[in-house]
Every structure is written in structure tokens, then in C-alpha cells.
Amino acid sequence: MGEVRIALQSLKMSFSTRMQYRVDSLVAALAVFIRESANIIVIYLALLKFDSINGWNVNEMLFLFSILFLTYAFVVSLFADLRDFSRMIREGRFDRLLVRPRGLLFQLILNNADLIASVGHGTLGVLLFLVSAGKVGIHWNFATILYYVCAIISGILIQGGMFIIFSSLSFYFVETNSIREIFYWNMRKFAGYPISIYHKLIQGLIIYVIPFAFVNYFPAQYLLRKPDMVNYNEIYIYIAPLVGIIVYLAAYAFWRVSVKRYYSTGN
Amino acid sequence: MRAYLEFAIKKFQDKMAYRLDFFMGIVNTAITILVYLCIYRALYGNAADVDGISYSMVATNFVITLGLSNAFHYNEMFLQDKIRDGSITNEFLKPVSFILRLLSENIGEGAFKIIFHFLPALGITILYTKLCPPESVLGLFAMFLSVVLGYLILWLISFIIQTWSFWLFSVWGIITIKNVFVSILSGSLLPLWFMPEALRGIISVTPFESIYFTPVRIYLGELEGMELLWALAVQIMWIAVLGLIANAFWKKGVKKLVVQGG
């Protein structure tokens with residue numbers, strides 16, 4: 001019970017910090033929203049001209065994007081500290097957590113929520129979902145809703161797990177931002193579109209190495225059944241809601257091993 | 001003049017110091033190009049051309065605009081940071097124009113990005129996709145002139161917004177929004193050929209069309225003779241208008257500036 005109280009208190013603190021500069025926070029959230037909309041606007045305008053991309057029409061594309069944004073909204077509020085972990089280590093702020101009577105990951109996840117980014121991504125995700133979900137031919141019943149919710153949770157765990165893995169690397173290397181830049185952010189650029197449009201090598205990366213395909217592509221395929229699914233094993237769409245748990249557990253194990261190597265950067 | 005050239009060269013050398021950045025820049029640029037070429041390829045499907053525009057032309061448009069926007073990627077929070085920590089006052093003591101100094105540093109940084117991020121990535125791109133060759137030598141020359149003008153337009157838009165940090169707590173949000181407008185309306189993500197008529201009409205009376213699209217059309221040979229001269233004149237007109245606005249904001253801002261503390 002104490003854990004829940006700490007969690008709520010910490011969320012309240014993040015909120016109050018941002019509310020010191022009300023207008024600025026609002027503009028910043030709007031800016032994130034607009035920045036992330038850029039790709040959506042472009043694909044929307046493009047599909048006005050071209051009708052479809054590998055068989056996916058505009059609403060199906062928006063649905064595919066919506067999952068990416070909805071999951072990320074949770075990821076940035078939960079895993080904000082792990083996203084900025086290398087800076088935290090460099091500034092010696094990680095040491096503070098070591099002396100507190102709670103688990104390290106627990107504190108990292110609960111401390112600091114990037115609410116600005118969360119609101120920006122979340123609003124966009126909800127908006128895209130509302131626009132597209134009714135028009136893509138999904139029969140919403142108990143089974144599909146259950147699948148959808150599990151897939152969203154799994155998507156959050158996959159991305160959170162990846163943040164934990166990249167953070168753990170900070171215990172081995174001084175500079176980890178570039179590894180993360182190449183493997184996380186670049187892969188995320190690919191993930192908004194049906195992965196079947198890419199070269200086989202990139203498809204392999206995005207399915208097996210940085211499993212973004214399980215965040216939005218395969219869950220969307222379960223609900224939409226587009227013809228380009230023939231390129232992949234049918235089983236992927238059924239295991240998608242479970243991949244998150246596996247990735248997260250693996251990440252947790254790796255973290256436990258790596259954190260033992262920690263020596264402070266301070267004096 | 002000599003001093004400003006030194007500023008540009010200094011910034012260029014600064015950038016050279018970070019080897020990892022250099023490597024990352026190439027990888028990121030190459031991946032961005034790859035993503036968009038895949039998207040265009042998939043959009044085209046089996047069609048040879050759409051509205052008379054071939055896939056190669058679209059790819060060429062994307063690669064050129066990406067190169068130019070790469071050159072334009074610098075710290076747009078510079079002025080705000082200087083105002084916040086008060087070090088802007090030191091700038092006024094130096095016997096050089098702050099605006100020209102900023103411009104030359106940004107150009108130095110842009111030159112670095114073009115040479116070390118864009119050109120290698122371009123080399124990689126040519127290996128797996130066919131781009132349009134330049135239409136003529138004269139066209140190529142006119143394009144370089146047009147690129148410089150386009151750069152100045154983009155730089156002035158950015159500078160105008162940076163000067164708002166004299167009045168606002170933070171300009172980060174507005175700069176981000178501005179960048180979205182630029183990337184969509186200048187045709188760097190979706191070429192302006194494919195924009196809906198109504199939107200295209202609006203864009204044609206804004207400076208956005210003059211940033212990347214004019215150089216690209218010159219390169220592809222779409223603009224020749226009088227049309228070409230007219231396009232260049234429009235670019236120069238925008239530089240004059242934006243220059244006046246920038247100057248007005250800057251003068252007003254400097255007058256308003258109050259630096260606290262000693």
C-alpha cells in the first residue's frame with residue numbers, strides 16, 4: 001500500500017513542478033503534439049494522392065500510428081528517468097537512490113514523469129484512435145478489446161524493457177546515447193509504417209532485435225488482417241501480447257546483473 | 001569580413017572534435033533517407049510516374065531537401081540561453097555585429113554537416129537508388145545561388161523567432177512548431193507537387209516554397225529562362241521582407257533587455 005502512496009505522491013510532484021510555468025507547459029505540450037503530428041499530416045496528404053501504401057489505406061495507417069503514440073505516452077511518464085539515465089549517472093543523481101529504502105528500478109520508474117511529452121503523445125494517440133478505430137472494419141467485442149488492451153500493455157513493457165536495457169549499458173560504457181539513438185529512435189522512425197515496405201534486413205532488426213514490430217504492426221495485423229501478413233509467420237500476431245512480458249523480464253534480469261558493477265562518478 | 005570567416009571556420013573545427021557525432025550523423029542521415037525512399041517506393045507501387053512526376057524526381061527532391069535541412073540544423077536556443085544567463089551583454093562589448101557573427105557560426109556548422117554527414121550519406125544512397133542527374137551546368141550554378149538564398153530565408157525565419165526570447169520565458173515550443181511548419185510546407189517530406197491544390201495555392205504566397213522547392217525545381221530543370229529569374233527574384237524579395245522584420249524585432253528586443261545581477 002505504501003508503494004501506491006509513494007507513486008501518487010511522486011506523480012503529484014511531477015505535476016506541480018510543471019504547473020509552476022503553466023503557459024509554458026501548455027505551449028510545450030502543444031509543441032510535442034504538433035511535432036509528432038508532422039509525420040501523420042504528411043502520410044495523410046500523401047494518401048490523398050496515392051490511395052494506399054502496400055495495401056494499407058489512410059485510416060488503417062492512422063490506426064497503426066495510434067498504437068505507437070498511445071503506448072509511448074505511458075512509456076515517457078513511467079520510464080522518463082531511464083530515458084535520461086546516462087545523464088543521471090554523469091551528474092551523480094543516481095547515488096541518491098542507492099540510500100533510499102526502496103528498490104532502484106521502482107524508484108526510477110516512479111520518480112519524474114515527463115508529463116509534457118505524455119500529454120502530447122497521448123492526446124495524439126487518442127485522437128488517431130477515435131478517428132480511425134470505427135472505420136477500419138474491426139468488430140469490437142470482448143475478445144478483440146481484451147487483445148487490444150493486452151497488446152497496449154505489452155507495447156509499453158517492450159519499450160520500457162528496451163529503456164532498461166539501454167540504461168543498464170551505462171554501467172559498462174561511458175557513452176550510451178549513440179547506441180540508443182541508432183537502435184531505439186531510428187527503429188521507431190521505421191515503426192510507424194507497415195514493416196513489409198522495408199528491406200528484409202530492416203524487417204529482421206525490427207522483429208527480432210528491437211522488437212517494435214510487436215508494439216504496433218503485429219497487433220494491428222491481428223485486428224486488420226492486411227494481405228501483407230503472408231510474409232510473416234501467423235504465430236507472431238498471437239504472441240504479440242506476450243512479447244512485452246518476456247522482453248521486460250529479460251531486461252530486468254540484465255539490469256540486476258549490471259547494476260552490481262556500479263561505482264559512482266563522484267568523489 | 002575576415003573576422004566573420006574566422007568565426008565560421010572556428011565553428012567548423014569545433015565540430016570536427018567530436019568523432020562519434022560524426023559517425024552517428026552519417027548513420028542517422030542514411031537511415032532517414034532509407035526510410036523515406038522505402039515509403040515513396042511503396043506509395044508508387046508499380047506506377048512509373050504519378051502526375052508526370054517520376055519516383056526518381058521524388059527521391060531527388062527528398063535527398064536535396066534533406067541535405068539542406070541538415071545544413072540548417074544548429075542550436076536555435078542560442079540567443080535564449082545567452083539572454084537567460086546574462087552573457088548576452090558580453091556580446092555587445094565585442095567589436096563585431098552579433099547577428100553576422102551568429103550567421104557565420106551557423107554557416108560554419110552547416111558546412112560541417114553537409115560535408116561530413118550529408119555527402120557520405122548521399123554516397124550510400126546513390127548505391128541503392130537512382131537519382132536524377134542535374135539538368136545542365138548553368139542550372140547547377142543557378143541552383144547553388146538559389147540554395148544560398150533559400151538558406152538565408154530559413155535562417156531569417158529562425159532568427160525572428162529566436163528574438164522573441166527577449167519577451168517570452170521559453171521559445172522552445174514555438175521553435176518546434178515552426179520547424180514542423182517548415183518541414184511540411186516547404187515540401188521536404190512530401191514534395192509540393194503532390195499537395196492538394198488549395199494548400200499549394202496558400203504555400204505559393206508564403207516564403208516556404210522559396211526555401212527548398214525553388215532550388216530543387218531549378219536542379220531538375222523545371223524552371224528555366226524568365227521563370228528561373230522570377231523565382232530567384234521572389235527569393236530575394238522574401239529575404240528583404242524577413243530581413244526588415246528581423247531587424248525590427250532585434251532592435252526592439254535589445255532596447256527592452258534588462259539583465260539582472262552583476
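Preceding this paragraph is the structure being described.
Residues numbered from 1 in each chain as written. Chains lettered and ligands numbered in written order. Predicted model: local features only at pLDDT ≥ 70, side-chain atom pairs only at ≥ 80, totals over all residues.

Novice: Lay out the overall build of chain B in plain terms, naming residues and giving numbers.
Specialist: When helices and strands are tallied, chain B shows 12 helices and 2 strands. Seen in sequence order, chain B has helices and strands lined up from the N terminus as α-α-β-β-α-α-α-α-α-α-α-α-α-α. Principal-axis analysis of the C-alpha atoms gives chain B an extent of 65 × 40 × 35 Å. Scored against the burial criterion, the 262 residues of chain B give a buried share of 38%. (Helix = DSSP H or I, 4+ residues; strand = E, 2+ residues; numbered from the N terminus. Buried ≥ 20, exposed ≤ 12 C-beta atoms within 10 Å, placed from the backbone.)

Novice: Any chance you could break down the overall build of chain A for me, citing the residues and the numbers?
Specialist: Counting its regular elements, chain A contains 13 helices and 0 strands. When the elements of chain A are put in sequence order from the N terminus, they spell out α-α-α-α-α-α-α-α-α-α-α-α-α. The C-alpha atoms of chain A give a radius of gyration of 19 Å, which matches the 18 Å a tight globule of 267 residues would have. Across the 267 residues that make up chain A, the buried fraction comes to 42%. Contacts in chain A between residues far apart in sequence, at least 24 positions, make up 80% of those at least 6 positions apart. (Rg over C-alpha atoms; globule rule 2.2 N^0.38 Å. Contact = placed C-beta atoms within 7 Å.)

Novice: Which residues make up the interface of chain A and chain B, and what values go with them?
Specialist: In this complex, chain A contributes 28 residues to the contact, which on the side of chain B involves 26 residues. Secondary-structure elements contributing two or more residues to the side of chain A that touches chain B are α2 (22-50) and α10 (177-191) of chain A. Examining the composition of the side of chain A that touches chain B, we find that 15 residues originate from one element, α2 of chain A, more than from any other. Of the residues in the side of chain A that touches chain B, the class split is 19 nonpolar, 3 polar and 6 charged. (Nonpolar A, V, L, I, M, F, W, Y, C, P; charged D, E, K, R; others polar.)

Novice: Describe the packing of helix α12 (residues 217-224) of chain A against helix α13 (residues 235-259) of chain A, listing the residues and the values that go with them.
Specialist: All names here are of chain A. At their nearest, the axes of α12 and α13 sit 8 Å apart, and the two run at 120° to each other. Between α12 and α13, the crossing angle belongs to the class labelled oblique. Relative to α13, α12 is oriented so that their crossing is left-handed. Of the residues in α13, those in contact with F218, P219, Q221 and Y222 of α12 are Y236, I237 and A240. (Axes fitted to C-alpha atoms, helices over the stretch in contact; angles between N-to-C directions. Parallel < 35°, antiparallel > 145°, perpendicular 65-115°, else oblique. Left-handed = near helix turned anticlockwise from the far one by under 90°.)

Novice: Which residues make up α10 of chain A, and what are the values?
Specialist: Helix length check: α10 of chain A (15 residues) gives 20 Å between terminal C-alpha atoms against 21 Å at 1.5 Å per residue, within 8%. Every buried residue of α10 of chain A is listed here: R180, N186, F190 and A191 of chain A. (Expected span 1.5 Å × (residues − 1).)

Novice: Help me get a handle on the packing of helix α7 (residues 137-163) of chain B against helix α8 (residues 172-185) of chain B, residues and values and all.
Specialist: Residues and elements named next belong to chain B. For the pair α7 and α8, interaxial distance at closest approach is 10 Å and the crossing angle is 155°. With respect to each other, α7 and α8 are oriented roughly antiparallel. Seen from above, α7 lies across α8 with right-handed handedness. When α7 is examined against α8, the residues L154, I157 and I161 are found in contact with a partner set consisting of I174, I175, K178 and V182. Taken together, the residues of the contact of α7 with α8 sort by class into 6 nonpolar, no polar and 1 charged.

Novice: Account for the environment of R18 of chain A, naming residues and giving values.
Specialist: All names here are of chain A. Its place among the elements puts R18 in helix α1 (residues 2-19). Its 19 C-beta neighbours within 10 Å are what place R18 among the partly exposed residues. Put simply, R18 and D114 are 96 residues apart on the chain and 9.3 Å apart in space, counted from C-alpha to C-alpha. If we skip the residues at most four places from it in the chain, R18 touches S25, L115 and I116.

Novice: Residues and numbers for the environment of V63 of chain B, please.
Specialist: Residues and elements named next belong to chain B. Structurally, the position occupied by V63 is in helix α3 (residues 55-71). Through-space distance from the C-alpha of V63 to that of P215 is 12 Å; in sequence the pair is 152 residues apart. If we skip the residues at most four places from it in the chain, V63 touches I33, L122, T125 and L131.

Novice: Describe α7 of chain B, and please don't skip the residues or the numbers.
Specialist: Helical geometry: 3.6 residues make up each α-helical turn, so side chains three or four residues apart lie on a common side. When the terminal C-alpha atoms of α7 of chain B are compared, their 39 Å separation across 27 residues agrees well with the 39 Å that a helix rising 1.5 Å per residue should span. A large share of α7 of chain B lies buried, amounting to 19 of its 27 residues.

Novice: Summarise unusual backbone geometry; cite the residues concerned and give the values.
Specialist: Of note in this structure, N54 of chain A is not a glycine but carries a positive phi near 50°. Residue placement: N54 of chain A occurs in the loop between α2 and α3 (58-78). Given 18 C-beta atoms within a 10 Å radius, N54 of chain A is considered partly exposed. Although it is not a glycine, D51 of chain B sits at a positive phi angle of roughly 50°. Mapped onto the secondary structure, D51 of chain B falls in the loop between β1 (49-50) and β2 (53-54). For D51 of chain B, a count of 7 C-beta atoms within 10 Å gives the class exposed.

The values reported here are purely geometric and, on their own, carry no functional implication.
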